[in-house]
Amino acid sequence: MPDVENSFDAVVVGAGIAGLYAVHKLRARGMRVRGFESAAGVGGTWYHNRYPGARCDVESIDYSYSFDEELQQEWTWSERFAAQDEILRYLGHVANRHDLRSAYEFSTRVTAADYDDRSGRWTVRTDTARTVSARFLVLATGVLSATNMPEIPGRDSFAGELYHTGAWPHHGVEFEGKRVGVIGTGSSGIQTIPVVAETAARVTVFQRSPNYSIPARNRPLPPEFIADVKAGYPERRRLSRISGGGTPNSPHPRGALEVDAAERTRIYDQWWERGGYLFAKAFPDQTTNLAANDTAREYVEAKIRELVHDPEIAEQLIPDDHPIGTKRIVTDSGYFEAYNRENVELVNLRRTPITEITPSGVRTSDGLRELDMLIFATGFDAMTGSLSRIDLRGRDGRTLRDAWSAGPRTYLGLAVSGFPNMFVVSGPGSPSVLANMVLTAEQHVDWIASCLDYLDEHRATTIEASEDAVTEWVATCNANAAATLFPAANSWYLGANIPGKPRVFMPYVGGLGKYRAICDDVASDGYRGFVLD
Ligand code: N01
C-alpha cells in the first residue's frame, strides 16, 4: 500500500527566503509539498542571526521579494538597511499571506536523503524520526547557515556566557557592566562590536584579519521616497534582474584608470557618502585590475586613518592581505569610531595569537584577558556546509560528500550529476552570495518550476545534470574567477576559512544578469546538459 500521507511531490528543505518561495511556487503548480525547517519558525538566516546590530547590507527596497506585486505595494520598509527583526517580521508576513507555514514541519532537521533508482523517488529522514518520500528534492538550506566554531584549545571550558553571532539566543542578552570578548572581525563582528561597546564595561576585540568597511549611512525612509519606489518598482526590478549584483546600480562607465585623479576622487567621494558595500562597484575594473583596485584601496585606507584617532591602532585595522572588494566589503555603523572609545581594546592576533580559552577568559601569547562573555563572530562553513551536514545519497548510494570531496561540482549551481530530481537553490556555482540573495533565489526557483513544467509536457520523470555539463560549468566558473582578483583573498568564497576545506572559488562571478541569460538559454535549448528520462 503506498503511504499517501508521507508521500509528496516535492520536499523543500529550509524556510528561509529561498525555501519559502520554493514552497509557494511549487504549490502554485498544484504540487503536494512538504517543507522541513530545523528552526522553530520561518526566516532562515534572519531567524538565527539575532546578534546586536544585525542588519542587511543590501537596501531593504531591493532585498525583498519581487514575485508578488501586491505584497510589494503593501509592505513598507522603515529604514534604508533593514534590521534583522524587521526582515524577520517581513518574512513572517509573507508566510502568512501565502499560507506557507502549513507546508512545514518546524524544529525538524533533515538528516538524510537518498535516491532510489527503481522508484525514482527520494526518501527523506529527519531528526524527529520522520521518513517521507518525494519525487523532487529542493535544497534551500542556506549558504551562510552552518556556523563555524573554531577548535580553540579550552573553548568549551569557558565559564561565562558564550555565543555565536549566527546562532544567537532568543532570550535578551545584557552587556551592561560586562567584560565582553569578540573573536572575529568579518561582517558579523563589525556590526556587533559598536553596539556592544555602547553598554559593556569593556570590549576586547580579537582580530586575526582586518577588513575593509564602509559606513552604512542608514536612515529612516521618508514616505515620498517610498511612494516613488513603489511607483517605479517594475523598472527597478527589471534593471536589477539584468544587473550583475541584483540591484539597480551600475558602475561608472569608464575604468578607474581611464579617468583623471580628480574625477576618480569625485566618484569615490560619492560612493563613500552614499555608503555601504556598493563602494566595491564604483568602477567596473575594481575587482579585475590590481592597479585600479589600488586606487579604491588607498582611498578607503585614508578614510580609516581619519576615523581612528590612534594612528597605531588605525594601521592595525587596515587590511594588508587582500585587494579591496575581494572579501565582501562590510557595511558598518560606527565600527572604526568604536576604537576611539576608552572601553574598546584591539588585540592583534597576528602579533599575539590566542593560545587557549580558560574558564575565566582568553589567553593570548601576551597574557590572559578576563571576560564575562565571549562572542564568536567566526563565520560559517559557507555554501557547502549546510549540504554536507545532510547525509545525501544519489544514484548507487554515492554520497554528496564523496562527489564533492575535491570541492563542490554543480551544473549552473542548480544540479549535481548522479543526483536526479535534486535541485540546490543558491548553491555553489551560482551567483547567489555575490548578488542580491532574494532575486537570485527567485531566479533559481522560477527556473526550477519552468523545468518541472517542461518535464510534465515531455512526459519525463527524471532530470539529471550530465557529468560533462558539470565539468564544463565548473571550468567556466573557475575561468571567470581566475579573470578577477577574487582568488587573491583567503575568503569564505574559497572555503579558506575552514581548515581542510578544498580551496575552490565557489560562487559564479559573472553576475546575475549574465547567469540568468545562460540559464534561460539552457532551458530554451531543451535543457542542454541535462539528461531527461
Ligand atoms: O564571517 P566571516 P561573518 N581565530 O567569515 C575570524 C554575510 N553577512 O559572519 O579572516 C580568530 O566573514 C575570521 O578571521 P580570518 C556576509 O556575506 C552579511 O562575519 O579567517 N579569528 C574573520 O575575521 C559576510 O561576508 C551581513 O583571519 C577567527 C571572522 O572570524 C558573511 O556573511 C552581516 C578564527 C569571520 O568572518 C560572513 O560574515 C553578517 C579563529 N580561529 C554576515 N576563525 C550583512 O548583511 C575565524 N576567525 C551586513
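Residues numbered from 1 in each chain as written. Predicted model: local features only at pLDDT ≥ 70, side-chain atom pairs only at ≥ 80, totals over all residues. Heavy atoms only, no water.

*Asks:* Help me understand unusual backbone geometry, please; the structure alone is not making it clear to me.
*Replies:* Glycine aside, the phi torsion of most residues is negative, and most peptide linkages are trans. Positive phi outside glycine occurs at R217, with the angle close to 50°. Note that R217 resides in the loop between β10 (213–215) and α6 (223–231). The phi dihedral of R459 is positive, around 50°, even though this residue is not glycine. Among the secondary structure elements, R459 is positioned in the loop between α14 (437–457) and β19 (463–465). (Helix = DSSP H or I, 4+ residues; strand = E, 2+ residues; numbered from the N terminus.)

*Asks:* Explain the confidence of the model for the protein chain here, please?
*Replies:* The predicted coordinates should not be examined in detail at positions where pLDDT is low. Here the protein chain averages 97 in pLDDT, while 100% of its residues score no lower than 70. The ipTM for the predicted assembly is 0.99, set against a pTM of 0.97. (pLDDT = per-residue confidence, 0-100.)

*Asks:* When you look at helix α16 (residues 512–524) in this model, what are you seeing that I'm missing?
*Replies:* Helical periodicity: at 3.6 residues per turn, an α-helix aligns residues three or four positions apart in one direction. Taking 1.5 Å per residue, 13 residues should reach 18 Å; α16 reaches 18 Å between its end C-alpha atoms and fits that length. L512, G513, Y515, R516, C519, V522 and A523 are the residues of α16 that are buried. Considering only its buried residues, α16 is in contact with α7 (233–242), α14, α15 (467–482) and β20 (530–532). Backbone geometry just downstream of α16 places G526 in the positive-phi region, at approximately 70°. (Expected span 1.5 Å × (residues − 1). Buried < 20%, exposed > 50% of the residue type's maximum accessible area, 1.4 Å probe, protein only. Contact = heavy atoms within 4.5 Å.)

*Asks:* Would you mind showing me how to read the sheet that holds strand β14 (residues 361–364) here?
*Replies:* Within a sheet, each strand pairs with its neighbour through backbone hydrogen bonds, oriented either parallel or antiparallel. As summarised here, the arrangement of the three strands in space is β13-β14-β15, forming an open sheet in which the pairing is antiparallel. Two strands close off the open sheet at either side, each with one partner strand: β13 (354–358) and β15 (367–370). With direction set aside, neighbouring strand axes in the sheet form an average angle of 20°. For β13 and β14, the ladder comprises four bridges, and the chain directions are antiparallel. Paired with I357 across the two strands is V362, which belongs to β14. (Pairing = 2+ DSSP bridges. Axes fitted to C-alpha atoms, helices over the stretch in contact; angles between N-to-C directions.)

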